[in-house]
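Listed below, chain by chain, are the residues.
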4 protein chains.
Amino acid sequence: MKSWGRLITAMVTPFNEKLEVNYEQAVELANRLVAEGTTALVVSGTTGEGPTLTAEEKENLFCKIKENISVPVIAGIGTNSTASTIENAKRALACGVDGLLIVAPYYNKPDQDSLFEHFRVVAEAVEIPIMLYNVPGRTGCNIGPETIERLSKIENIVALKEASGNIIQLSEAVKRTPDDFLVYTGEDVLTLPSLSVGAYGVVSVASHVVGSRMKEMINSFLRGNTERATEIHFQLLDIFNGLFVVTNPIPVKAALNMMGIRVGDLRMPLTAAKPSIKAEIQRHMRKLDLV
Amino acid sequence: MKSWGRLITAMVTPFNEKLEVNYEQAVELANRLVAEGTTALVVSGTTGEGPTLTAEEKENLFCKIKENISVPVIAGIGTNSTASTIENAKRALACGVDGLLIVAPYYNKPDQDSLFEHFRVVAEAVEIPIMLYNVPGRTGCNIGPETIERLSKIENIVALKEASGNIIQLSEAVKRTPDDFLVYTGEDVLTLPSLSVGAYGVVSVASHVVGSRMKEMINSFLRGNTERATEIHFQLLDIFNGLFVVTNPIPVKAALNMMGIRVGDLRMPLTAAKPSIKAEIQRHMRKLDLV
Amino acid sequence: MKSWGRLITAMVTPFNEKLEVNYEQAVELANRLVAEGTTALVVSGTTGEGPTLTAEEKENLFCKIKENISVPVIAGIGTNSTASTIENAKRALACGVDGLLIVAPYYNKPDQDSLFEHFRVVAEAVEIPIMLYNVPGRTGCNIGPETIERLSKIENIVALKEASGNIIQLSEAVKRTPDDFLVYTGEDVLTLPSLSVGAYGVVSVASHVVGSRMKEMINSFLRGNTERATEIHFQLLDIFNGLFVVTNPIPVKAALNMMGIRVGDLRMPLTAAKPSIKAEIQRHMRKLDLV
Amino acid sequence: MKSWGRLITAMVTPFNEKLEVNYEQAVELANRLVAEGTTALVVSGTTGEGPTLTAEEKENLFCKIKENISVPVIAGIGTNSTASTIENAKRALACGVDGLLIVAPYYNKPDQDSLFEHFRVVAEAVEIPIMLYNVPGRTGCNIGPETIERLSKIENIVALKEASGNIIQLSEAVKRTPDDFLVYTGEDVLTLPSLSVGAYGVVSVASHVVGSRMKEMINSFLRGNTERATEIHFQLLDIFNGLFVVTNPIPVKAALNMMGIRVGDLRMPLTAAKPSIKAEIQRHMRKLDLV
């Protein structure tokens, strides 16, 4: 799935003042991200507040974005029920999306064999490329390297978003999977470390605000200019950390609103950034001349 | 909510061979549990495989159990969306359930203020007693003692199921809340330690198989016969641990099936216990003459 | 080793203004502790700043305390070298101490078999009762229940101080060892929970300031007055936590100095409590009329 | 301290069959390591079984190695007592070593201010370059980025060995310290990720067996050939992990013995690798044609 590129953005879902999905703004934001270097979009992922979107809203989002955007669209559709994941997958397919992001079941904690079966059964139910998503800090379960290895042999399981924070595990996943199976880090701050041990790219949140610099950082690294890459890493380190100082996507929505890109507040149980958090983010943004 | 008693069972949901809900068996199991000492039932909780039940199935379950059982019925209806939690709560209310068990939002990780707002808004939307449920190992977020204190002042938030494994935090919650706010441990193996630092009772899984012994253990403790209570604790220690050797409710369903109580297999992404796990559970059951 | 009783105090080492050991004050403090209910004394443990006492100072302390006190004296002599642990043990023996407290080797992280060998070899080198000490938060290694079981079969290994915070592991240790092998919790706040699942007593820090209340708490529990025990637990909960709000023994030394018991400051790398910490401790002490 | 180079080896201490230090073999090993690309040697660090060497043995080792080797010699002399650390430092200085490796105090858990004071006082007591050593998995305490920043302003504190496993913290340390303050990772497997976010080099264990390949990996990265660097990383990934499958230095001593470099067994409380561990290491070594 090299067509997905190296800088995928997990896009926020813009809301209007009534906290309804603002589809127009979503399309505008998506185009803006692509202009800044985003190579594919995850829609309705964690950053897109997938948990508080209705099935209809998700479907509308997938369709609207897909119709209006040139880069691949990856639909975030995983749940903690295999049956409902398949159902969601089929709805997304109807919009012609290019791929699915499927998170490990959260809360009910399947073991490794059950994880394998879950992903296998979903993959067999749809004919579309799938990116696995490992984020134990949210799900309470880890997809181990051996399970990744087994899953990578299924034809339409083509990629992994690894957000365990464990870079050795990420590297193990790269080692154990075929060359055309692509491992992305799900953590902006680990982009360079991950590339250095075999990751293909990043599924990013920070690219909402520093997309072109992240692109340059990645490209510098790939062209062998590691010094320049590291230099950009240090320029971005504070904003990378600042965007996760409280639960994502609270900070990134605040940052976008500051930049005049009206993505609105968050749906409950999440709530907009407090003044102290906003001030901290603003400080980092100012240093980068973003506000 | 002293009417809920000290030994609440978080009931499994029986399935038939097609993995459809077996309502008849559910009612039979519920009655059996009550006969063994269960003082209230949590229906469609984590142990009840809530994540893979449809809204209709849950509603049917709540209604069927409520109609056929004498003890209070507490409906597990929490999700990680405030709006859908309220919707679920209202459906459960229609069945006349006696209370709601509402878990902290999983996966999207609200902070403490957002947690407070989530529970407050849900509590205000329904007129029914609510038990909070803290289980950070599954949700990725912890409801801190200060948030519990604030929530305990809301009239219909009456109890807490504390399953963080942190007995000091449990004791803090007892200390910071009014006398009629009841704290239950959500971990069988911590029943006695929790009682000793102020818990009122336990929301139990093990009571499916050793209900009457747990009742005796709790009662011995309350009557001041701590030696007898500890003695029973040691008799049950292996089965307490054995029922959580893999993700609950995999072991307890295996145990019930062994005892001839046909609760069936599990819905994906969970899968039935492997032979080695079954053998281990059976060994513990045999020592207690349960099989 | 029931002669060690249920309320062992891990005693601080008083220093004078030059940070020399104040032996006189040590004897005075020891007598005071016994008067308040302490049943045995650990000298030169973690709380006694063992790491910054010289071999000579330890020996002097053991001898001075032993000569002047009626209750058993347990010498803290463990290091992360088997050879030096044996050497220290022999020096302590020369003072006629009643037992040894031997911590798991810190920093170099022996595995379970190596832990067993370490304790076995030390135990065979001396003819004196030994209490094992498990404190993984400090040592970086945990003595597992199976290793405790194996060690409990060695004649002069007679007790365990369990400070892992894991009450299930503590209970497992009780279950797997003979009746005359005594398990103590090393955490004041877990005294009642530990007693409820089989612990014999506590190796305490808080007994420096609330010894008689802890004694009453323990005795109430043992006599079956669990309500009274829990009531005292809640009275002491803040001071239990306050004494560990920063690294022990910083707070307890501050608390003793506040009470007019001049135990002095700490030796580097530890340093005396900051004003904010002192103020917090003082607040808890005032509520208990201790200052 | 660029003269220390990028590939520092934390050297094992060879023992003879009586578990006495084999100084001759130590010198031979040191020379062999330098021939393979090691740019400086840590003597009597964790890998060198510092905890079980006597003061005399350490001094002899420092002197013998210093006399016979061309690269800088860094003496591992930290303890959990400030006074004894200074004493050890002075003994090492007498041998003319080139620097000191000073670990954060283990076991007694100083807070950040106390850590600062500890290192400051030691640094002021000696005129020699100092490398700080952060390894919270062993010490139970973490030297935070802010403390590193403060310490980096002390003239003879010139480097950090960061072995927390937290690559973001490592990168923060680089960002907050002057350009001539050098940050080394203490984890072989994180060499490339660390270089990518600003580390200068590695304090290595694996360089005992794959020194020249590590050198090539590091140099490839620095020259911009990141592909080649990553390729070597994957060749070495199994041996990097294999050398830490049980507590270091158990596996590396086994590996060296397999290669015919007689470094002997370990002093208690550590014990030689079990057959199953040896077999696993051997398998990894064979793939690299090392045995």
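Parameters at a glance
Residues numbered from 1 in each chain as written. Chains lettered and ligands numbered in written order. Predicted model: local features only at pLDDT ≥ 70, side-chain atom pairs only at ≥ 80, totals over all residues. Heavy atoms only, no water. UniProt positions renumbered as here; feature names shortened; annotations may be inferred. Salt bridge = Lys/Arg side-chain N within 4 Å of Asp/Glu carboxyl O. Helix = DSSP H or I, 4+ residues; strand = E, 2+ residues; numbered from the N terminus. Buried < 20%, exposed > 50% of the residue type's maximum accessible area, 1.4 Å probe, protein only. Least-squares fit on C-alpha atoms with pLDDT ≥ 70 in both. Contact = heavy atoms within 4.5 Å. Pairing = 2+ DSSP bridges. Axes fitted to C-alpha atoms, helices over the stretch in contact; angles between N-to-C directions. Polar contact = N/O pair within 3.5 Å; in protein donor to acceptor, adjacent residues only side chain to side chain. Phe/Tyr/Trp six-rings, centres within 6.5 Å; stacked < 30°, edge-to-face > 60°. Disulfide = S-S within 2.5 Å. Parallel < 35°, antiparallel > 145°, perpendicular 65-115°, else oblique. Left-handed = near helix turned anticlockwise from the far one by under 90°. Nonpolar A, V, L, I, M, F, W, Y, C, P; charged D, E, K, R; others polar.

- As recorded in an unreviewed UniProt entry, chain A goes by the name 4-hydroxy-tetrahydrodipicolinate synthase, listed as coming from Anaerosolibacter carboniphilus.
- Check the Catalytic activity (unreviewed entry) section of the UniProt entry for chain A; it says "L-aspartate 4-semialdehyde + pyruvate = (2S,4S)-4-hydroxy-2,3,4,5-tetrahydrodipicolinate + H2O + H(+)".
- Recorded in UniProt under Sequence similarities (unreviewed entry), the annotation for chain A is "Belongs to the DapA family."

### What to know about the pattern of salt bridges
(1) Moving on: On inspection of all chains with the given rule, the structure shows 63 salt bridges over all chains.
(2) Moving on: One salt bridge in this structure joins Arg228 of chain D and Glu216 of chain D, with 2.9 Å as the shortest N-O distance. Taken as a pair, Arg228 of chain D in helix H10 (residues 226–242) and Glu216 of chain D in helix H9 (residues 207–222) lie far apart in primary sequence, 12 residues in all.
(3) Moving on: Of the residues examined, Arg228 of chain D reaches a relative accessible area of 24% and is grouped as partly exposed.
(4) Moving on: Glu216 of chain D sits in the partly exposed class, given a relative accessible area of 34%.
(5) Moving on: When salt bridges that share partners are traced, they join Asp111, Asp113 and Arg150 of chain A together with Lys274 of chain B into one network.

### Some remarks on the relation of the copies chain A and chain B
(1) Moving on: Aligned on chain B, chain A shows an RMSD of 0.0 Å; the corresponding rotation is 180° and the shift along the axis is 0.0 Å. Such values leave the two copies arranged in the relation of a two-fold axis.
(2) Moving on: Interface overlap between copies: 100% of the residues of chain A at the interface are likewise at the interface in chain B, consistent with a symmetric, same-surface contact.

### Structural notes on the sheet that holds strand E3 (residues 73–76) of chain B
Through backbone hydrogen bonds, the strands of a sheet pair up, either in parallel or in antiparallel fashion.
Residue and element names in this part refer to chain B.
(1) Moving on: Within the closed barrel, the 8 strands sit side by side as E1-E2-E3-E4-E5-E6-E7-E8. Their pairing is parallel. Going across the sheet, the axis of each strand differs from the next one's by a mean of 25°, ignoring polarity.
(2) Moving on: With 4 bridges connecting them, strand E4 (residues 99–103) and strand E5 (residues 130–134) associate as parallel partners. When the bridges of E5 are listed, Leu100 appears paired with Ile130.
(3) Moving on: In this fold helix H4 (residues 112–125) packs onto E4, E5 and strand E6 (157–162), with an angle of close to 160° to the strand it touches most, E4.

### Looking at the interface of chain A and chain B
(1) Moving on: Each partner contributes residues to the interface: chain A has 31 residues there, and chain B has 31 residues.
(2) Moving on: Our enumeration of links across chain A and chain B arrives at 4 salt bridges.
(3) Moving on: Scanning the region where chain A abuts chain B turns up 14 residue pairs in polar contact (both at pLDDT 80 or more).
(4) Moving on: Within the residue set of the side of chain A that touches chain B, elements represented by two or more residues are helix H4 (112–125) and helix H5 (136–139) of chain A.
(5) Moving on: Top contributing element to the side of chain A that touches chain B by residue count: H4 of chain A, with 5 residues.

### Considering the UniProt feature "site: Part of a proton relay during catalysis" (unreviewed entry) in chain A
(1) Moving on: Following the UniProt record, the feature "site: Part of a proton relay during catalysis" (unreviewed entry) maps to Thr46 and Tyr107 of chain A here.
(2) Moving on: Judged by relative accessible area, which is 9%, Thr46 of chain A ranks as buried.
(3) Moving on: Dropping the residues within four chain positions of it, Thr46 of chain A is found in contact with Tyr133, Arg138 and Pro249 of chain A together with Tyr107 of chain B.
(4) Moving on: You can see Tyr107 of chain A is positioned in the loop between strand E4 (99–103) and H4.
(5) Moving on: Of the residues examined, Tyr107 of chain A reaches a relative accessible area of 6% and is grouped as buried.
(6) Moving on: Beyond its immediate chain neighbours, meaning those up to four positions away, Tyr107 of chain A contacts Asn80 and Thr139 of chain A together with Thr46, Pro51, Val103, Tyr106, Tyr133, Val135, Arg138 and Thr139 of chain B.

### What about the interface of chain D and chain C?
(1) Moving on: Of the residues lining the interface, 31 residues belong to chain D; the matching set on chain C comes to 31 residues.
(2) Moving on: Inspection of the chain D/chain C interface yields 4 salt bridges.
(3) Moving on: One salt bridge in this structure joins Lys274 of chain C and Asp111 of chain D, with 3.9 Å as the shortest N-O distance.
(4) Moving on: Contributing elements (two or more residues each) for the side of chain D that touches chain C: helix H4 (112–125) and helix H5 (136–139) of chain D.

### Considering the sheet that holds strand E6 (residues 157–162) of chain D
Residue and element names in this part refer to chain D.
(1) Moving on: Pairing in this closed barrel of 8 strands is parallel, and the strands run E1-E2-E3-E4-E5-E6-E7-E8 around the ring. Recorded for the sheet is a direction-independent mean angle of 25° between the axes of neighbouring strands.
(2) Moving on: Sheet topology note: the strand E1 (residues 7–10)/strand E2 (residues 40–43) ladder contains 3 bridges and is parallel. Paired with Ala10 across the bridge in E2 is Val42.
(3) Moving on: Along the sheet, H9 contacts E1 and strand E8 (201–204); its crossing angle with E1, the most-contacted strand, is approximately 165°.

### Observations concerning the relation of the copies chain D and chain C
Here the two chain copies are tied together by a rotation about an axis and a shift along that axis.
(1) Moving on: Mapping chain D onto chain C calls for a rotation angle of 180° and an axial translation of 0.0 Å; the resulting RMSD is 0.0 Å.
(2) Moving on: A symmetric contact is evident, with 100% of the interface residues of chain D recurring at the interface of chain C.

### Some words on the arrangement of the chains
(1) Moving on: A gap remains between chain A and chain C, with no contact made and the closest C-alpha atoms lying 20 Å from each other.
(2) Moving on: Without any contact between them, chain B and chain D keep their closest C-alpha atoms 20 Å apart.

### Observations regarding unusual backbone geometry
(1) Moving on: Here the residue pair Asn248 of chain B and Pro249 of chain B is connected by a cis peptide bond, since its omega of 5° sits within 30 degrees of zero.
(2) Moving on: Take Pro249 of chain B: it is sitting in the loop between helix H10 (226–242) and helix H11 (250–258).
(3) Moving on: The omega torsion across Met268 of chain C and Pro269 of chain C is 15°, close enough to zero to call that bond cis.
(4) Moving on: Here Pro269 of chain C is to be found in the loop between helix H11 (250–258) and helix H12 (275–287).

### Some words on the side chain of Asn88 of chain B
(1) Moving on: With respect to the secondary-structure elements, Asn88 of chain B resides in helix H3 (residues 82–93).
(2) Moving on: With sequence-adjacent residues up to four places away left out, Asn88 of chain B is seen in contact with Ile77 and Thr79 of chain B.

### What to know about the packing of aromatic side chains
(1) Moving on: For the structure shown, the criterion picks out 12 aromatic pairs over all chains.
(2) Moving on: Aromatic pair Phe221 of chain A and Phe221 of chain D: ring centres 6.0 Å apart, planes at 55°, arrangement tilted. Of this pair, Phe221 of chain A sits in helix H9 (residues 207–222) while Phe221 of chain D sits in helix H9, on two different chains. Judged on exposure class, the residue Phe221 of chain A and its partner Phe221 of chain D are both buried.
(3) Moving on: Both rings, one in Tyr106 of chain C and one in Tyr106 of chain D, keep their centres 5.7 Å apart while their planes meet at 15°; by these two values the pair is stacked.

### Details of the state of the cysteines
(1) Moving on: For the coordinates displayed, the defined rule picks out 4 disulfides over all chains.
(2) Moving on: Across a sulfur-sulfur distance of 2.0 Å, Cys63 of chain A and Cys95 of chain A are joined as a disulfide pair. Torsion about the S-S bond of the Cys63 of chain A and Cys95 of chain A cystine: about -75°, corresponding to left-handed handedness. Highlighted residues: Cys63 of chain A in helix H2 (residues 55–68) and Cys95 of chain A in the loop between helix H3 (82–94) and E4, separated in sequence by 32 residues.
(3) Moving on: Among the residues examined, Cys63 of chain A registers a relative accessible area of 24% and is labelled partly exposed.
(4) Moving on: On the basis of relative accessible area, Cys95 of chain A is assigned to the buried category, the value being 10%.
(5) Moving on: Note on Cys141 of chain A: no disulfide assigned, nearest cysteine sulfur contributed by Cys141 of chain B at a separation of 16 Å.
(6) Moving on: Given the relative accessible area of 6%, Cys141 of chain A is considered buried.

### Thoughts on the packing of H3 of chain B against H4 of chain B
All names here are of chain B.
(1) Moving on: Packing of H3 against H4 leaves a shortest axis separation of 10 Å and a crossing angle of 30°. Between H3 and H4, the angle is such that the two are roughly parallel. Crossing of H3 over H4 shows right-handed handedness. Here Thr82, Thr85, Ile86 and Lys90 of H3 come into contact with H4, specifically with His118, Val121, Val122 and Ala125.
(2) Moving on: In terms of residue class, the contact of H3 with H4 is made up of 4 nonpolar, 3 polar and 1 charged.

### Section: the UniProt feature "active site" (unreviewed entry) in chain A
(1) Moving on: When the UniProt feature table is mapped to this numbering, "active site" (unreviewed entry) covers Tyr133 and Lys161 of chain A. A compact arrangement is adopted by the annotated residues: their sequence extent is 29 residues, whereas the largest C-alpha distance between any two is 4.7 Å.
(2) Moving on: Following the sequence through the fold, Tyr133 of chain A ends up in strand E5 (residues 130–134).
(3) Moving on: For Tyr133 of chain A, a relative accessible area of 6% corresponds to the buried category.
(4) Moving on: Not counting chain neighbours up to four residues away, the residues in contact with Tyr133 of chain A comprise Thr46, Leu101, Ile102, Val103, Ala104, Ile143, Lys161 and Ala163 of chain A together with Tyr107 of chain B.
(5) Moving on: Along the polypeptide, Lys161 of chain A turns up in strand E6 (residues 157–162).
(6) Moving on: Every residue in contact with Lys161 of chain A, bar those within four places of it in the chain, is listed here: Leu101, Met131, Leu132, Tyr133, Asn134, Tyr184, Gly186 and Val203 of chain A.
(7) Moving on: Of note is the side chain of Lys161 of chain A, whose polar atom sits 3.4 Å from the side chain of Tyr133 of chain A.

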